[in-house]
Amino acid sequence: MDTLPEGFLNDLETQGWAYCDTLICDSLRAQLLDIAGLFWKRGLFHAAHIGHLATKKADPVIRGDQICWLDAHMPQAAIQDFLAFATHLQNTLNATYFLGLRSQEFHFAHYEPGFGYKKHLDQHRNNPHRKISVVLYLNENWTADDGGELCLYGPENTPIEQATRLIPAPGRLVVFRSDLVWHEVLPGRKPRWSLTGWLRDDFLLSNG
Ligand SMILES: O=C(O)CCC(=O)C(=O)O
Ligand SMILES: [Fe+2]
């Protein structure tokens, strides 16, 4: 597998986040979108929850996506290719930054128009094992007029005017520190598809 671009690792190190539009090829993106659509038709998505363990609940005003967890044993070649890429990313981050990443969890996510995900950190307060967040946008096309931006806030939790806004462009891959980077998904004007997950420093027993 290709080495990660130097600028990508530099950005992750210095600003806590990085993105690249060329790491995942368009045919893999398209195949993953097809699989997500198929799983959606089969009724395999469910409303995402917020919180952890006892405080876990669904609240679509805060978090409006529907999700479908991937299972490492799923036979689809595109899922296996993506998981191989995530392992490559994990190994590179371990070799470069000694992060001790040991497992991964990923889900497809689907936001209907008008739904987003309010400002949050991905690392749960009482469960620090999510270290690196990874989001791949699967949308066929997306323009600034379609909304649905990912807003990445500065380390001091700066106001939204100073946040970086990334549109969920086809094949765009965003990686950020789960413990540091406050972020938000703005409501979009059309259905928004992604594959989202975390590189963890523990061995995962169950998703959530
Ligand atoms: O889809 C995105 O842009 C980010 C999703 C997100 O923040 C999450 O699922 O925790
Ligand atoms: Fe998040």
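The preceding data block contains the structure.
Worth saying up front: this structure is predicted, and the values here are computed from it rather than measured.

Here we come to helix H1 (residues 6-15). Inspection of H1 places Phe8, Leu9 and Leu12 among the buried residues, and these make up the whole buried set. Buried residues along H1 cover an arc of 95° about the axis, so they all sit on one side. Set apart from the buried face of H1 by more than 90 degrees, the exposed residues are Glu6 and Thr14. Each element contacted by the buried residues of H1 is listed here: strand E1 (17-20), helix H3 (77-97) and strand E9 (173-177).

Another aspect to go through is the pattern of salt bridges. In the structure shown here, the tally under the stated rule is eleven salt bridges. Salt-bridge contacts for Asp146 lead to Lys190; the nearest nitrogen and oxygen are separated by 3.2 Å. A residue pair is termed long-range when its members are at least 10 positions apart, and Asp146 in the loop between strand E6 (130-137) and strand E7 (150-152) and Lys190 in the loop between strand E10 (183-185) and strand E11 (192-200) qualify at 44 residues. Residue class for Asp146 comes out buried when judged on its relative accessible area of 14%. Judged by relative accessible area, Lys190 falls into the partly exposed class, the value being 22%.

Lining the immediate surroundings of ligand 1 are 13 residues, of which His120, Asp122, Tyr137, His183 and Arg192 lie closest. Within the side chain of His120, an N or O atom sits 3.2 Å from an oxygen atom of ligand 1. Asp122 places a side-chain nitrogen or oxygen 3.1 Å from an oxygen atom of ligand 1. For ligand 1, whose accessible area on its own is 300 Å², the fraction buried by protein is 99%. When residues of the shell around ligand 1 are traced back to their parent elements, those giving at least two are strand E5 (117-120), E6, E10 and E11. Within the shell around ligand 1, the residues separate by chemical class into seven nonpolar, three polar and three charged.

What follows is about the packing of H1 against H3. Interaxial distance between H1 and H3 falls to 12 Å at its minimum, and their mutual angle equals 65°. For the crossing formed where H1 meets H3, the hand is right-handed. Mapping the contact onto sequence places Phe8, Leu9, Leu12 and Glu13 in H1 and Leu89, Thr92, Leu93, Thr96 and Tyr97 in H3. Residues that form the contact of H1 with H3 fall into these classes: six nonpolar, two polar and one charged.

Okay, the coordination of the iron ion (ligand 2) next. Coordination of the iron ion (ligand 2) by the protein comes from His120 (NE2), Asp122 (OD) and His183 (NE2), over a distance range of 2.0 to 2.1 Å. In primary sequence terms, the donor set of the iron ion (ligand 2) follows H-x1-D-x60-H. With His120 in strand E5 and His183 in strand E10, this residue pair connects regions lying 63 residues apart in the sequence. On the accessibility criterion, His120 (10% relative accessible area) is buried.

Let's shift gears to unusual backbone geometry. Note on backbone geometry: most residues besides glycine have negative phi, and most peptide bonds are trans. The backbone of Phe98 sits at a positive phi, close to 55°, despite the residue not being glycine. Topologically, Phe98 is positioned in the loop between H3 and strand E4 (103-111).

Within the open sheet, the seven strands sit side by side as E1-E9-E6-E11-E4-E3-E2. Their pairing is antiparallel. Two strands bound the open sheet, and with one partner strand each, they are E1 and strand E2 (46-47). Relative to E9, E6 is paired through five bridges, and the arrangement is antiparallel. Paired with Leu136 across the bridge in E9 is Leu173. Across the face of the sheet, H1 comes into contact with E1 and E9 while running at roughly 155° to E1.

The rules behind each value
Residues numbered from 1 in each chain as written. Chains lettered and ligands numbered in written order. Predicted model: local features only at pLDDT ≥ 70, side-chain atom pairs only at ≥ 80, totals over all residues. Heavy atoms only, no water. Buried < 20%, exposed > 50% of the residue type's maximum accessible area, 1.4 Å probe, protein only. Helix = DSSP H or I, 4+ residues; strand = E, 2+ residues; numbered from the N terminus. Arc of directions from axis to C-beta. Contact = heavy atoms within 4.5 Å. Salt bridge = Lys/Arg side-chain N within 4 Å of Asp/Glu carboxyl O. Near = heavy atom within 4 Å. Polar contact = N/O pair within 3.5 Å; in protein donor to acceptor, adjacent residues only side chain to side chain. Areas by Shrake-Rupley, 256 points an atom, 1.4 Å probe, with all protein chains shown as cover. Nonpolar A, V, L, I, M, F, W, Y, C, P; charged D, E, K, R; others polar. Axes fitted to C-alpha atoms, helices over the stretch in contact; angles between N-to-C directions. Left-handed = near helix turned anticlockwise from the far one by under 90°. Donors = N, O, S within 2.8 Å, 3.2 Å for Na, K, Ca; no water. Pairing = 2+ DSSP bridges.

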